[in-house]
There are 2 protein chains.
Amino acid sequence: MAQMNKQVLLARRPQGWVGEGNFNIVETPIPAPKEGEFLVRNLYLSLDPYMRARMNDTKSYVAPVAIGGVMAGETVGEVVESKHPAFKPGDTVTAYTGWQLYGISDGQRVRKVDPKLVPPSYYLGVVGMPGVTAWVGLLDIGQPKPGETVVVAAASGAVGGVVGQLAKMKGCRAVGIAGGKAKCDYVVQALGFDACVDHRAGDFYDRLSAATPKGIDVYFENVGGKILDDVLRRVNPFARIPLCGLISQYNATEPYGVKNIAALLFNRVTLRGFIVSDHLDRWPTALAELAQGVAQGTIQYRETVTEGLENAPRAFIGLLKGENFGKQVVKLD
Amino acid sequence: MAQMNKQVLLARRPQGWVGEGNFNIVETPIPAPKEGEFLVRNLYLSLDPYMRARMNDTKSYVAPVAIGGVMAGETVGEVVESKHPAFKPGDTVTAYTGWQLYGISDGQRVRKVDPKLVPPSYYLGVVGMPGVTAWVGLLDIGQPKPGETVVVAAASGAVGGVVGQLAKMKGCRAVGIAGGKAKCDYVVQALGFDACVDHRAGDFYDRLSAATPKGIDVYFENVGGKILDDVLRRVNPFARIPLCGLISQYNATEPYGVKNIAALLFNRVTLRGFIVSDHLDRWPTALAELAQGVAQGTIQYRETVTEGLENAPRAFIGLLKGENFGKQVVKLD
């Protein structure tokens, strides 16, 4: 057990692209839990695109991280000291303790997890927030029907990879969008999508059209920008667009202007922004199905593991640039 | 009874703004109904923004009007000759016979109406397609709750005026957007909206903000463009946007790029394109309520009546520019 805590703080708010200078890494004493709290030694930190929005001082669904505050984020770790009746040392938990080696929790938004069922880090991904995001967004909001075409952006990522696999289980044609041949190959060969369109190659719209010969019934959106505009040209009547994220826009100083809004009207499309934490009633069912799928091998999953908290800023910047492959986590212990 | 029919044909497809040169007015023999058909002498022609989209040869929810074909549109008229068992001479009906003095119908999409309950032309407006559009879009898709703020664009128009009055009946704050002081005054004073923001005056966003101090819960959209972008900056969490039309875009050679898509995500907004003809099951209830509201004076309604079919093209161009006041119809007889 380390003698000191280590934390990544938000040093200054980014203008456009995030750089390592936006962060500050400090050592602090390990905090002591008060009555009703417990101390977690974090094993893994999850890095997720939503964190970029929290670095801004703008209206969002959660408060921004304060300047000098610990970067917000979910971790999986082990309870090492507890003054909370429901948690005891040795428990493995996920908690929003942020980018640090040790964190205090009062039990809010904490899940006890079983590290023997799947590896602990998976509870930050496929059997955690990103997996449930895929599950709720595709199944509840996207409502895919057998034979329909489901397209998902960032298809090799923590959310997108699950979306496509769930779409296949529902009897849909699953088409991914990803950056680069390696990711596209992975999406088709390892994850079992029917096709994947590389948005970094040319003629994106033409290749998207070729991959969606019957148009698009569900578009699971987590990218935005020009890709959204091109997808809108392919939507079928009564298509559904679960709007989960807009990673292409988070570092843009001037947002992309989406031109094909008329496609939403003419095709009577439902576009719905959603945040998985609004759907807590669905988590138990989703998590149970996802855990079972992973344990049985029917859901494939891949991580990029970065070693050491001090490398979290660089890994996060890489995530925003699409340099990771699958779910990005940081190994802390 | 005229000896000849008169028709407005689509002469050529517009590039950008419609001009009178896009139309061709011809005289043709009055057609004779075949078995299962009837002949209607039209009293009024409805002019509606959706007609602009039908002049284009692009994918939409209905087929485009053919070059040389009669411009599509709904009329109210009197059956003058019938070989259809359900319609007899003297019946007043609405039908999609197009921009012409006489039309043949097979009874599809025809409503028999009572010209004594409200004036016949009203069945093209408040007690017809535009009224039901307002009713379905606001109530079914917008789902306004008492105390919420409903904003409607083109508030003095055939649809928008009804939206705001229905919103008031639901206990909402109703805020209109309209072009010019006269329309805004009408929206507040005659229709009873709480406020109306003139999009032709400066500082639109600031004045919209002042008129929506608690943000926007429902935005009934039929304009698009910059107004949509500004409204998106004011939407509340879980807002609903029934997307009914995009009149600002129909004549644009390059569509406006909507930048504030992130507001849909962060506020978990549902934006849903809809076409009232997809909701036929709702028409009887909606029409009954609207007819009752008009007959009892609880729903106010205003028309701009242009005389003569030959003036329909000019009136239509005026409609697209917002020159009309209330529902635009053409008196034919």
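Residues numbered from 1 in each chain as written. Chains lettered and ligands numbered in written order. Predicted model: local features only at pLDDT ≥ 70, side-chain atom pairs only at ≥ 80, totals over all residues.

Draft legend 1. Local environment of the overall build of chain A. Across its full length, chain A holds 9 helices and 15 strands. Projected onto the principal axes, the alpha-carbon positions of chain A cover approximately 60 × 45 × 35 Å. Buried residues in chain A amount to 53% of all 333 residues. By sequence separation, contacts in chain A at least 24 residues apart represent 66% of the contacts at least 6 residues apart. (Helix = DSSP H or I, 4+ residues; strand = E, 2+ residues; numbered from the N terminus. Buried ≥ 20, exposed ≤ 12 C-beta atoms within 10 Å, placed from the backbone. Contact = placed C-beta atoms within 7 Å.)

Draft legend 2. Layout of the interface of chain B and chain A. Each partner contributes residues to the interface: chain B has 27 residues there, and chain A has 27 residues. Secondary-structure elements contributing two or more residues to the side of chain B that touches chain A are helix H7 (262–266) and strand S13 (270–273) of chain B. Its residues placed into classes, the side of chain B that touches chain A shows 14 nonpolar, 8 polar and 5 charged. Judged from the 3 bridges that link them, strand S13 (residues 270–273) of chain A and S13 of chain B form a sheet pairing that is antiparallel. Bridge pairing in S13 of chain B links Arg 272 of chain A to Thr 270 of chain B. (Nonpolar A, V, L, I, M, F, W, Y, C, P; charged D, E, K, R; others polar. Pairing = 2+ DSSP bridges.)

Draft legend 3. Seen up close, the relation of the copies chain B and chain A. Overlaying chain B on chain A yields an RMSD of 0.0 Å, the required transformation being a rotation through 180° with an accompanying axial translation of 0.0 Å. Both copies are brought into coincidence by an operation consistent with a two-fold rotation axis. Closest approach to the rotation axis within chain B is made by the C-alpha atom of Gly 257 of chain B, at a distance of 1.8 Å. Here 100% of the interface residues in chain B have copies in chain A that are interface residues too; the copies meet face to matching face. (Least-squares fit on C-alpha atoms with pLDDT ≥ 70 in both.)

Draft legend 4. Inspection of the pairing of strand S3 (residues 38–46) of chain A at higher detail. Residue and element names in this part refer to chain A. For S3, the buried fraction is high: 9 of the 9 residues fall into the buried class. As defined by bridge partners, S3 adjoins strand S4 (residues 75–82) across 7 bridges and the pair is classed as antiparallel. Across the sheet, the residue bridging to Arg 41 is Glu 78, located in S4. Sheet analysis places S3 next to strand S6 (residues 102–105), joined by 4 bridges and oriented antiparallel. Residue Val 40 lies in a different strand from S6, and its bridge partner there is Gly 103. With 3 bridges connecting them, S3 and strand S15 (residues 327–331) associate as antiparallel partners. Bridging from a neighbouring strand, Tyr 44 pairs with Lys 331 of S15.

Draft legend 5. Molecular detail of the domain arrangement of chain A. Residues and elements named next belong to chain A. By the assigned domains, chain A splits into domain 1 (4–125 + 302–331) and domain 2 (129–277). Here domain 1 and domain 2 have C-alpha centroids that lie 28 Å from each other. Of the residues lining the interface, 17 residues belong to domain 1; the matching set on domain 2 comes to 14 residues. With 3 residues, the top contributor of residues to the side of domain 1 that touches domain 2 is helix H1 (residues 50–54). Residues that form the side of domain 1 that touches domain 2 fall into these classes: 8 nonpolar, 5 polar and 4 charged. (Domains from an automatic or database assignment.)

Draft legend 6. Region of interest: unusual backbone geometry. Residue and element names in this part refer to chain B. Here Ala 154, not a glycine, exhibits a phi torsion of approximately 50°, which is positive. Relative to the helices and strands, Ala 154 resides in the loop between strand S8 (149–153) and helix H3 (160–169). At Phe 238, a position not held by glycine, the phi torsion is positive, near 65°.

Draft legend 7. Examining the packing of helix H2 (residues 129–142) of chain A against helix H3 (residues 160–169) of chain A more closely. Residue and element names in this part refer to chain A. Between H2 and H3, the least distance of the axes is 8 Å, while the angle of their chain directions is 45°. The pairing of H2 with H3 is recorded here as oblique in orientation. Taken as a pair, H2 and H3 cross one another with a handedness that is right-handed. The segment H2 lies against H3, with Gly 131, Ala 134, Trp 135, Leu 138 and Leu 139 engaging Val 162, Val 163, Leu 166 and Ala 167. Grouping the constituent residues of the contact of H2 with H3 by class yields 8 nonpolar, 1 polar and no charged. (Axes fitted to C-alpha atoms, helices over the stretch in contact; angles between N-to-C directions. Parallel < 35°, antiparallel > 145°, perpendicular 65-115°, else oblique. Left-handed = near helix turned anticlockwise from the far one by under 90°.)

Draft legend 8. Representation of helix H2 (residues 129–142) of chain B within the structure. Of all 14 residues in H2 of chain B, 13 are buried, a share of seventy percent or more. Backbone geometry just downstream of H2 of chain B places Gln 143 of chain B in the positive-phi region, at approximately 45°.

Draft legend 9. Examining the environment of Asn 22 of chain A more closely. All names here are of chain A. Structurally, Asn 22 is set in the loop between strand S1 (4–10) and strand S2 (23–29). For Asn 22, a count of 19 C-beta atoms within 10 Å translates into the label partly exposed. Separated by 11 residues in sequence, Asn 22 and Ala 11 place their C-alpha atoms 5.1 Å apart. Beyond its immediate chain neighbours, meaning those up to four positions away, Asn 22 contacts Leu 10, Ala 11, Arg 12, Pro 14 and Met 55.

Draft legend 10. Here's a closer look at the confidence of the model for chain A. Looking at chain A as a whole, its pLDDT mean stands at 95, while 98% of the residues score no less than 70. Predicted complex, confidence summary: ipTM 0.92, pTM 0.93. (pLDDT = per-residue confidence, 0-100.)

Draft legend 11. Layout of the sheet that holds strand S10 (residues 195–198) of chain A. One open sheet accounts for 12 strands, arranged S10(A)-S9(A)-S8(A)-S11(A)-S12(A)-S13(A)-S13(B)-S12(B)-S11(B)-S8(B)-S9(B)-S10(B); its pairing is mixed. Two strands in the sheet have a free side with no partner beyond their single neighbour: S10 of chain A together with strand S10 (195–198) of chain B. Averaged over all pairs of adjacent strands, the angle between their axes in this sheet comes to 15°, without regard to strand direction. Docked against the sheet, helix H5 (residues 204–211) of chain B engages strand S9 (173–178) and S10 of chain B, running at close to 175° with respect to S10 of chain B.

Draft legend 12. Fine view of helix H8 (residues 283–296) of chain A. Residues and elements named next belong to chain A. Taking 1.5 Å per residue as the helical rise, H8 with its 14 residues ought to reach 20 Å, and the 20 Å between its terminal C-alpha atoms agrees with that figure. Considered for burial, the residues of H8 that qualify are Ala 286, Leu 290, Ala 291, Gly 293 and Val 294. Buried residues along H8 cover an arc of 160° about the axis, so they all sit on one side. Of the residues in H8, the exposed ones pointing more than 90 degrees away from the buried face are Pro 284, Ala 288 and Gln 296. Positive backbone phi, at 85°, marks Gly 297, one or two positions downstream of H8. (Expected span 1.5 Å × (residues − 1). Arc of directions from axis to C-beta.)

Draft legend 13. Expanded view of the packing of H2 of chain B against helix H8 (residues 283–296) of chain B. Residue and element names in this part refer to chain B. The N-to-C vectors of H2 and H8 enclose an angle of 110°; their axes lie 9 Å apart at closest approach. Compared by their axis directions, H2 and H8 come out roughly perpendicular. When H2 is examined against H8, the residues Gly 131, Val 132, Trp 135 and Val 136 are found in contact with a partner set consisting of Trp 283, Ala 286, Leu 287 and Leu 290. In the contact of H2 with H8, the residues fall into 7 nonpolar, 1 polar and no charged.

Draft legend 14. Structural detail: the environment of Arg 54 of chain B. Residues and elements named next belong to chain B. Its location among the elements puts Arg 54 in helix H1 (residues 50–54). Expressed as a C-alpha distance, the spacing of Arg 54 and Met 71, which sit 17 residues apart in the sequence, is 8.6 Å. Setting aside residues no more than four positions away along its own chain, Arg 54 makes contact with Val 62, Pro 64, Val 65 and Ala 72.

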